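Each chain is listed here by its residues.
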Number of protein chains: 2
Amino acid sequence: MRMSAGIEWAVHCCVVLAGSDGPVTAARLAELHDVSRTSLAKHLQALAGAGIVEATEGRSGGYVLTRPPSNVTLWDVVQAVEGRGSVFRCTEIRQRGPLAASAESCTRACAVARAMHDAEQAYRAALGGTTIADLVDQVEADSGPGALATVTAWLRRTDDPDASAGY
Amino acid sequence: MRMSAGIEWAVHCCVVLAGSDGPVTAARLAELHDVSRTSLAKHLQALAGAGIVEATEGRSGGYVLTRPPSNVTLWDVVQAVEGRGSVFRCTEIRQRGPLAASAESCTRACAVARAMHDAEQAYRAALGGTTIADLVDQVEADSGPGALATVTAWLRRTDDPDASAGY
């Protein structure tokens, strides 16, 4: 029960794109984060498939957020990368074996599945209550107001030996 | 990001053991739920490793809960079967790449990891708020007060052609 490493990458990309003043290529995002370009491209495509980012074409093309960062939640990103299935798998074992309950008596989810789904709802609600805009604010609070501006400046250039402030 | 199927099996076994008046073998629990005996034995061993059940020896030996079902939460069972690691993997990508933050400036978890961990806390709290005793009560409410007694009666026998009420 672990998320793919791609979640961390995808969220950080959204934070960077929220601060960016133009499209950013997958290659540049991969270079910034020192991660596999191929793997990151796959996660960016997942974000695009979910309508969170879109790829613009042309010489200065790249990825941009499709909506304000205050309208993109962590839950949106997790769903995009991990898929929409629930964490708990209910195989209705109460309907199996020598004392199997009849299908007719199982129209309501069993108590185990209900409790698991309630916990997942709490998880989703917490992730849904944090937006990319919130994370941008927190990164700035943690690293100083210039942190994302430094990243944006670096993203604009192909080489930037003076850049030093990380986030 | 999915739980193993073993979670469903392990929780149902705990519910059955909570209603049982004596030790139950892994073979009998597997037969009751019509699941793989080998796989179920592995999950029961995980529960034993976490101190939730214990194996008693001898001719009438088998598994019993080690403590009252009101003292075993769903979170205890999930941790026993899935392990104790967190769902989100933070690889500190803020410390990588050309704008890497220094290790000295990263003594606090980054905003992304903090938000993910807060959501996990909400999940854990929800699972930790439901006990096996709660599930027993809900199964009885759903299936009638005799449901678990029928299971217990079946577990005592090697053959029970009259048993019919499932849960």
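The residue numbers shown here count from 1 along each chain, following its written sequence. All chains are assigned letters beginning at A, and all ligands numbers beginning at 1, according to the order in which they are written. In view of the model being predicted, local features appear only for residues whose pLDDT reaches at least 70, and side-chain atom pairs are presented and counted only at 80 or more, with totals across whole chains, interfaces and linings using the full set of residues. The side-chain quantities take in all heavy atoms of the structure and omit both hydrogens and water.

A. Up close: the pairing of strand 1 (residues 53-56) of chain A. Residue and element names in this part refer to chain A. Pairing geometry for strand 1 and strand 2 (residues 62-65), over four bridges, is antiparallel. Considered in strand 2, the bridge of A55 is made with Y63. Linking strand 1 back to strand 2 in an antiparallel pair, the connection comprises five residues, with G58 at a positive phi of about 100 degrees. A pair of strands is considered paired only if DSSP assigns at least 2 bridges between the two. Runs of E in the DSSP output that reach at least two residues are strands. Runs of H or I that reach at least four are helices, and both are numbered from the N terminus.

B. Up close: the state of the cysteines. The term disulfide is used for any two cysteine sulfur atoms that are within 2.5 Å. A complete count under the given rule lists zero disulfides over all chains for this structure. Its sulfur unpaired, C106 of chain A is 8.3 Å from the next cysteine sulfur, which belongs to C110 of chain A. In this model C110 of chain B remains outside any disulfide bridge; the closest cysteine sulfur is found in C90 of chain B, 5.5 Å from its own. With a relative accessible area of 8%, C110 of chain B lands in the buried category. Only protein chains enter the accessibility calculation, which uses a 1.4 Å probe. A residue is then buried if its area is under 20% of the maximum for its type, exposed if over 50%, and partly exposed in between.

C. Main features of helix 4 (residues 74-82) of chain A. By the criterion of burial, helix 4 of chain A is predominantly enclosed, with seven of the nine residues buried. Buried within helix 4 of chain A we find L74, W75, V77, V78, Q79, A80 and V81 of chain A. Any two residues having at least one pair of non-hydrogen atoms within 4.5 Å are treated as being in contact. Buried residues along helix 4 of chain A sit in contact with helix 1 (6-19), helix 3 (37-49), helix 5 (111-128) and helix 6 (132-143) of chain A together with helix 5 (111-128) of chain B.

D. Focus on unusual backbone geometry. For D34 of chain A, which is not glycine, the phi torsion reads 55 degrees and is therefore positive. Within the secondary structure, D34 of chain A sits in the loop between helix 2 (26-33) and helix 3. Non-glycine residue E92 of chain B carries a positive phi angle of around 55 degrees. Along the chain, the position of E92 of chain B falls in the loop between helix 4 (74-82) and helix 5. On the accessibility criterion, E92 of chain B (23% relative accessible area) is partly exposed.

E. Representation of the packing of helix 2 of chain A against helix 7 (residues 147-156) of chain A. All names here are of chain A. The contact between helix 2 and helix 7 brings their axes to 10 Å, and the two run at 130 degrees. With respect to helix 7, the axis of helix 2 lies oblique. Once helix 2 is placed against helix 7, the crossing between them reads as right-handed. Listed contacts from helix 7 to R28, E31 and L32 of helix 2 are V151, W154 and L155. For helices, the fitted axis covers only the stretch in contact; all axes are lines through C-alpha atoms, and the angles between them, taken along N-to-C directions, range from 0 to 180 degrees. In these notes the angle categories are as follows: under 35 degrees is roughly parallel, over 145 is roughly antiparallel, 65 to 115 is roughly perpendicular, and the rest is oblique. In this scheme, a crossing is called left-handed if the near helix is turned counterclockwise away from the far one by less than a right angle; it is called right-handed if the turn is clockwise.

F. Quick look at the relation of the copies chain A and chain B. For the least-squares superposition of copies, only C-alpha atoms count, and only for residues with pLDDT at least 70 in both. Expressed as a screw transformation, the operator carrying chain A onto chain B has a rotation angle of 180 degrees and an axial translation of 0.0 Å, and the superposed copies differ by an RMSD of 0.0 Å. Such a combination of turn and shift is consistent with a two-fold rotation axis. When the interface residues of chain A are mapped onto chain B, 100% of them again fall at the interface, so both copies present the same face.

G. Looking closely at helix 3 (residues 37-49) of chain B. All names here are of chain B. Each residue after the first adds 1.5 Å to the expected span of a helix. Taking 1.5 Å per residue as the helical rise, helix 3 with its 13 residues ought to reach 18 Å, and the 18 Å between its terminal C-alpha atoms agrees with that figure. Listing the buried residues of helix 3 in full gives L40, A41, H43, L44 and L47. The arc enclosing the buried residues of helix 3, seen along the axis, measures out at 165 degrees, which places them on a common side. Facing away from the buried side of helix 3, by more than 90 degrees, are the exposed residues T38, K42, Q45 and G49. Buried residues along helix 3 sit in contact with helix 1 (6-19), helix 2 (26-33), strand 1 (53-56), strand 2 (62-65) and helix 4. Contacts described as polar in this section are N or O atom pairs within 3.5 Å, which, within protein, must combine one atom able to donate a hydrogen with one able to accept it, while residues neighboring in sequence count only if both atoms come from side chains. If you check the start of helix 3, you find a side-chain oxygen 3.4 Å away from the backbone N of T38, and it comes from S36. Phi turns positive, to about 75 degrees, at G51, one or two residues after helix 3. In this description, the arc belongs to the directions extending from the helix axis to the C-beta atoms.

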